[in-house]
Amino acid sequence: MDKNQRVLTSECSEHVNEVVCLKGWIHRVRNLRKVSFVILKDRSGMIQCVLGGELTNFKCTNESAVELSGKVVSTAQQESGVEIHVDDIKVLSPSVPMPFEVNNDDIEANLDIVLNHRVLSMRNQKVQSIFKIQSKIVEAFQEYLRNKSFIQIFTPKLTSQGAEGGANVFKLPYFGKEAYLAQSPQFYKQKMISAGYERVFEVAPVFRAEEHNSSRHLNEYTSMDVEVGFIDGYEELMKLENQLLIHIFQMVKQSCSNELRLLNIELPELKVFPKLSLLEAQHILMEQFEKTSPKGDLDREGEKLISEYIEKEFSSPFVFITNYPTDKRPMYTMPNQNNIEWTDSFDLIYKGVEITSGGQRIHDYHQLIKSIVSKGLILDDFKSYTDIFQYGVPPHGGFAIGLERLTAQMLDIKNVREATAFPRDCDRLTP
Ligand code: AMO
């Protein structure tokens, strides 16, 4: 092979006795009297490199970017079965000392420092694994839906109205008018259904001007949205999300076994997720834990306890909570046919945290207008959304999964910021 062509550390065992070129970062240097050991890391893993002769006493700071060439030699001492006997090493770009040690198993610095130095903290193998797994989650989400003939859509994040209601919308000046940052692609995914695509998904940032500085709220997060036309009911959507998550778990398990091992995570085989109506969930909370719930909702503690109960009784880390009351859901939510006080909607709780909201939408123009008015909203503000409902919009519905929350729950990460490459919260706009 061409000795100038780069080989990854994970590929070295295929090149025993050959001279290869490796590129990566210095993980650690250990200088003994007659030999130096360099652990080199690249995107695929790490390898031990041995520097003897003139190259001994190699001086280079950890995390410098280097290029080296050397012979791949078999050795029983290394897990990979090989090491590199280096004959040339060049520093491509040196590193000054790190503000904290990144090459221990865990970074011993508080979360603020880790986030202030985000790029450096990602040099840590465990932190790096989080975002490799996150990338696989998105890939699996897209793959599953594409195979079911969904198309990916791209909708504007500068909008003229907030889709989710409430005060948590960012306003900004827009050429003499006022614009909002999208709280979700809700209206646009419905518009794409109405445009005739029937099955759409989007993975994109959304913005929430939440003042909660909590461990599960971000001001910008990635929403994985799904919308389906011609549905028979909201149960169909829960079934789709259940299957989608089974696929995501399978793909992550298959493709990220090293990352999961590093993070000490064993993913379960997912089955059919249990479902409880909100009233049933509230009843269980009262019976089992003497816990009262806020009217028409579960609070954080309630979500946690109901998850623990479901895990114990049904061995499921996921549970759907269905049929929230009409006054707690956005104006686009379909009321239940038998009792309009309740909706055909659901949340999905994963290990005590809500990772999804979804449901069937109102598709009848007059019903939608009534719903908007009954929520005390100004009809005119929603004209470009409501108008399309006069042109044959089929029964439809969908859901959205918060990517960072899903990642955090999957990997037992306590704070959603750690599952966000560059988190935005009330105090953080950099890096
Ligand atoms: P909802 O507002 O419940 O529903 O949001 C859906 C999911 O997005 C995630 N999420 C957040 N993640 C991090 N920080 C936040 N501040 C935050 N807010 C929400 C959660 C949540 O379950 N249009 C509907 C969805 C639909 O019906 O299709 C919506 O946006 O994981």
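Residues numbered from 1 in each chain as written. Predicted model: local features only at pLDDT ≥ 70, side-chain atom pairs only at ≥ 80, totals over all residues. Heavy atoms only, no water.

Let us now look at the overall build of the chain. Check the secondary structure of the chain and you find 11 helices and 16 strands. Across its three principal directions, the C-alpha atoms of the chain cover 85 × 55 × 40 Å. In the chain, once contacts between residues fewer than 6 apart in sequence are set aside, the share between residues at least 24 apart is 63%. Total accessible area on the chain is roughly 21500 Å²; 49% of this is exposed by carbon and sulfur atoms. A gap of 4 Å separates the mean positions of the 49 positive and 59 negative side-chain charges of the chain. (Helix = DSSP H or I, 4+ residues; strand = E, 2+ residues; numbered from the N terminus. Contact = heavy atoms within 4.5 Å. Areas by Shrake-Rupley, 256 points an atom, 1.4 Å probe, with all protein chains shown as cover. Lys, Arg positive; Asp, Glu negative; His and termini not counted. Charge placed at Lys NZ, Arg CZ, Asp CG, Glu CD.)

The next point concerns the sheet that holds strand S14 (residues 345–350). The strand order across the open sheet built from eight strands is S6-S10-S11-S16-S15-S14-S13-S12, with neighbouring strands paired in mixed fashion. Across the chains shown, the open sheet's two edge strands, defined by having one partner strand only, are strand S6 (151–152) and strand S12 (275–277). Bridging between strand S10 (residues 199–207) and strand S11 (residues 220–229) involves nine bridges; their strand directions are antiparallel. Each residue of the ladder has a partner; that of Phe 201, found in S11, is Val 226. Sitting on the sheet, helix H4 (residues 186–197) touches S6, S10, S11 and strand S16 (396–402), and the angle it makes with S11 is about 30°. Relative to the sheet, helix H7 (residues 278–289) contacts S12 and strand S13 (318–322), its axis offset from that of S12 by approximately 90°. (Pairing = 2+ DSSP bridges. Axes fitted to C-alpha atoms, helices over the stretch in contact; angles between N-to-C directions.)

Below, the discussion takes up the side chain of Arg 216. Position of Arg 216 among the secondary structure elements: in the loop between S10 and S11. With sequence-adjacent residues up to four places away left out, Arg 216 is seen in contact with Arg 300, Glu 303, Gly 352, Val 353, Glu 354, Arg 405 and Val 416.

The tally for this structure, following the rule as stated, stands at 11 aromatic pairs. On the basis of an interplanar angle of 70° and a centroid distance of 5.8 Å, the ring pair of Phe 249 and Phe 318 is categorised as edge-to-face. Here Phe 318 lies in strand S13 and Phe 249 lies in helix H5 (residues 234–255), a separation of 69 residues in the sequence. The burial state of Phe 249 is the same as that of Phe 318; both residues are buried. Judged by centre distance (5.1 Å) and plane angle (75°), the ring pair of Tyr 385 and Phe 389 falls under edge-to-face. Under the relative-accessibility criterion, Phe 389 is labelled buried at 5%. Ring-pair connections join several aromatic residues into one group, and the members of that group are Phe 249, Phe 273, Phe 318, Phe 320, Phe 346 and Tyr 350. Above the plane of the ring of Tyr 188 lies Lys 191, whose end atom (NZ or CZ) is 4.6 Å from the centre. The side chain of Arg 329 reaches across the aromatic face of Tyr 324, ending 4.5 Å from its centre. (Phe/Tyr/Trp six-rings, centres within 6.5 Å; stacked < 30°, edge-to-face > 60°. Buried < 20%, exposed > 50% of the residue type's maximum accessible area, 1.4 Å probe, protein only. Lys NZ or Arg CZ within 6 Å of the ring centre and 35° of its normal.)

What follows deals with the environment of Pro 335. Locating Pro 335 in the fold gives a position in the loop between S13 and S14. When its relative accessible area of 14% is taken as the criterion, Pro 335 is described as buried. In the structure, Pro 335 is positioned 183 residues away from Gln 152 in sequence and 28 Å away in space, judged by C-alpha atoms. Excluding residues that lie within four positions of it along the chain, Pro 335 makes contacts with Ile 340, Trp 342, Thr 343, Asp 344, Ile 362 and Gln 367.

Hydrogen bonds between backbone groups are what pair the strands of a sheet, and the pairing can be parallel or antiparallel. An order of S7-S9-S8 is seen for the three strands of this open sheet, with the pairing classed as antiparallel. Every other strand in the sheet has two partners, leaving strand S7 (158–159) and strand S8 (171–174) as the edge strands with one partner each. Strand direction decides the pairing type here: S8 and strand S9 (residues 177–181), joined by four bridges, are antiparallel. When the sheet's bridge partners are listed, Pro 173 is paired in S9 with Glu 178.

Before going further, it helps to examine the pairing of strand S1 (residues 19–31). With seven bridges joining them, S1 and strand S4 (residues 65–74) adopt antiparallel strand pairing. By the bridge assignment for S4, Val 19 is matched with Lys 71. As defined by bridge partners, S1 adjoins strand S2 (residues 36–42) across six bridges and the pair is classed as antiparallel. Bridge pairing in S2 places Asn 31 opposite Ser 36. Remark: four residues form the turn of the hairpin made by S1 and S2, two consecutive strands paired antiparallel.

Moving on, we come to the pairing of strand S3 (residues 45–51). By the criterion of burial, S3 is predominantly enclosed, with six of the seven residues buried. Where S2 lies against S3, seven bridges are found, and the strand directions are antiparallel. Bridge pairing in S3 links Phe 37 to Val 50. The turn linking S2 back onto S3 is made up of two residues. As paired elements, S3 and strand S5 (residues 82–93) share two bridges and run parallel to each other. Residue pairing for S5: Val 50 is matched across the bridge by His 85.

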